[in-house]
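Okay, here's what each chain looks like letter by letter:
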Amino acid sequence: MNFRVTAALLAVLIILGGAVYYISQSPAPPAAGAAPTPATVLKLNAPDVTKLIISGGTNSTELDKSGNDWALAKPTAGPADNARVGGWVDQIASLSANRTIDSVSDLGSYGLANPSLKVEVDLTGGTSVNLLFGDKTPDSASYYVNLPDDPTKATSVYLVGSPLGDDLKSALTKPPIAVPTPTPFPTLVPTTLTPLSLILPLTATPTP
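Because the structure is a prediction, the values reported are computed rather than measured.

Chemist: Pulling in residues and values, what's your account of the environment of Pro163?
Modeler: Here Pro163 lies in helix α3 (residues 162-173). Take Pro163: its relative accessible area is 61%, and that puts it in the exposed class.

Chemist: Could you give me a rundown of the pairing of strand β11 (residues 157-161), with the residues and numbers involved?
Modeler: Taking burial as the measure, the 5 residues of β11 include 4 buried ones, the bulk of the element. In the sheet, strand β7 (residues 99-101) pairs with β11 via 3 bridges, with the strands oriented antiparallel. What sits directly across from Thr100, in β11, is Tyr158. Two strands pair when backbone bridges link them, and strand β10 (residues 142-146) and β11 are joined in this way by 4 bridges, in the antiparallel orientation. Its bridge partner being in β11, Tyr144 is matched across the sheet by Leu159.

Chemist: Outline the sheet that holds strand β9 (residues 128-136), listing residues and values.
Modeler: Taking strand neighbours across the sheet as the criterion, the 9 strands line up as β5-β4-β3-β2-β8-β9-β10-β11-β7 in an open arrangement whose pairing is antiparallel. In this open sheet, the two edge strands, each paired with only one partner strand, are β5 (78-79) and β7. Inspection of the sheet shows β9 paired to β10 by 3 bridges, in the antiparallel sense. The partner of Leu132 across the bridge, within β10, is Asn146. Running at roughly 90 degrees to strand β2 (residues 49-56), helix α2 (residues 82-93) makes contact with β2, β3 (59-66), β4 (69-74), β8 (117-123) and β9 of the sheet.

Chemist: Explain the packing of aromatic side chains to me, using residue names and the numbers behind them.
Modeler: Tallied over the full model, the rule gives 2 aromatic pairs. Residues Tyr110 and Tyr144 carry aromatic rings whose centres are separated by 4.9 Å and whose planes lie at 70 degrees to one another, so their mutual orientation is edge-to-face. Of this pair, Tyr110 sits in the loop between β7 and β8 while Tyr144 sits in strand β10, placing them 34 residues apart in sequence. In this structure Tyr110 comes out as buried when scored by relative accessible area, which is 18%. Residue Tyr144 is classed as buried on the basis of its relative accessible area, which comes to 12%.

Chemist: Any chance you could break down α2 for me, citing the residues and the numbers?
Modeler: End to end, α2 covers 16 Å across 12 residues, agreeing with the expected 16 Å (1.5 Å per residue, within 8%). Looking only at α2, the buried set comprises Val85, Gly86, Trp88, Val89, Ile92 and Ala93. The buried side chains of α2 occupy one side of the element, clustering within an arc of 155 degrees when seen end-on. For α2, the capping residue at the N-terminal end is Asp81, with a side-chain oxygen 3.2 Å from the backbone nitrogen of Ala83.

Chemist: Tell me what's going on with the pattern of salt bridges, and back it up with residues and numbers.
Modeler: Within this structure, the stated rule accounts for 4 salt bridges. Residue Lys136 is joined to Asp166 by a salt bridge in which the shortest nitrogen-to-oxygen separation is 3.2 Å. Remark: Asp166 occurs in helix α3 and Lys136 occurs in strand β9; sequence separation between them is 30 residues. What makes Asp166 partly exposed here is its relative accessible area of 32%. Overlapping salt bridges bring together Lys51, Glu62 and Asp64 as one network.

Chemist: Before we move on, could you go through the pairing of β3 and cite the residues and values that matter?
Modeler: Inspection of the sheet shows β2 paired to β3 by 6 bridges, in the antiparallel sense. Following the sheet pairing, Gly56 is matched in β3 by Asn59. The pairing of β3 with β4 spans 5 bridges and is classified as antiparallel. By the bridge assignment, Ser66 is partnered in β4 with Asp69.

Parameters and conventions
Within every chain, residues take consecutive numbers counted from 1 along the sequence as written. Only residues with pLDDT of 70 or above have their local features reported here, since the model is predicted, and side-chain atom pairs are shown and tallied only from 80 upward, although totals for entire chains, interfaces and linings are computed over all residues. Note that water and hydrogens are dropped before the side-chain values are worked out from all heavy atoms of the structure. Strands here mean DSSP runs of E at least two residues long; helices mean DSSP runs of H or I at least four residues long; both are numbered from the N terminus. Classification of residues uses two cut-offs on accessible area relative to the type maximum, computed with a 1.4 Å probe and protein chains only: under 20% is buried, over 50% is exposed, and between them is partly exposed. Here, any two strands with at least 2 DSSP bridges between them count as paired. Two residues form a contact once any of their heavy atoms are found within 4.5 Å. A fitted line through C-alpha atoms serves as each axis, taken over the contacting stretch for helices, and the angle formed by two N-to-C directions is quoted from 0 to 180°. Any two rings among Phe, Tyr and Trp, with Trp reduced to its six-membered ring, count as a pair given centres within 6.5 Å; such a pair is stacked if its planes are under 30 degrees apart, edge-to-face if over 60, and tilted if neither. The length a helix should cover is 1.5 Å for every residue beyond the first. The directions from the helix axis to the C-beta atoms are what the arc is built from. Here a polar contact is recorded for every N or O atom pair within 3.5 Å, except that within protein the pair must consist of a potential hydrogen donor and a potential acceptor, and residues adjacent in sequence are included only if both atoms are side-chain atoms. Any Lys or Arg side-chain nitrogen located within 4 Å of an Asp or Glu carboxyl oxygen qualifies as a salt bridge.

Keep in mind these numbers describe shape, not what the thing actually does.
Written out as structure tokens, the structure is:
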């Protein structure tokens, strides 16, 4: 066997060895069709939420909790739609993301330097959490979300499903005002019927 053949075989063995090492060190790819594991963005106790302030542009909607009920403080005062507001609180309290982008140096590229939506969540004890909603992803399936006040997450961008952001934005133009319960019509109870003979005129009986 000449030198060239030996060198070629040695090169092939080195390449194969490198490939085997790379495969052994690389994590196994996810199964086809497997959904990515959601990342936890927030984990709060929903009953501890006492106030929501939703702002965007020049509009702001403020909601306060009293007992088990929610009330609008801005832009007008009055009872709020408990089911709608409670749904927001539940989703925010256990907020998860479809994907996380860590160590982001330019939040502006995700629309988070001047966010279109800000949500302040006040809790019992005087603590609060702020959420920023930036642009939507190119497929409009998610919003880019950031937690600016959390030192462990301030440089991370989370892709949160767009339905929550869309519904919170709608509160700026259509605040969650409680729908009044319709007043039932009174039940009509029939009175004693007057005999028909007393209503219709009697016909004279002809004399034979």
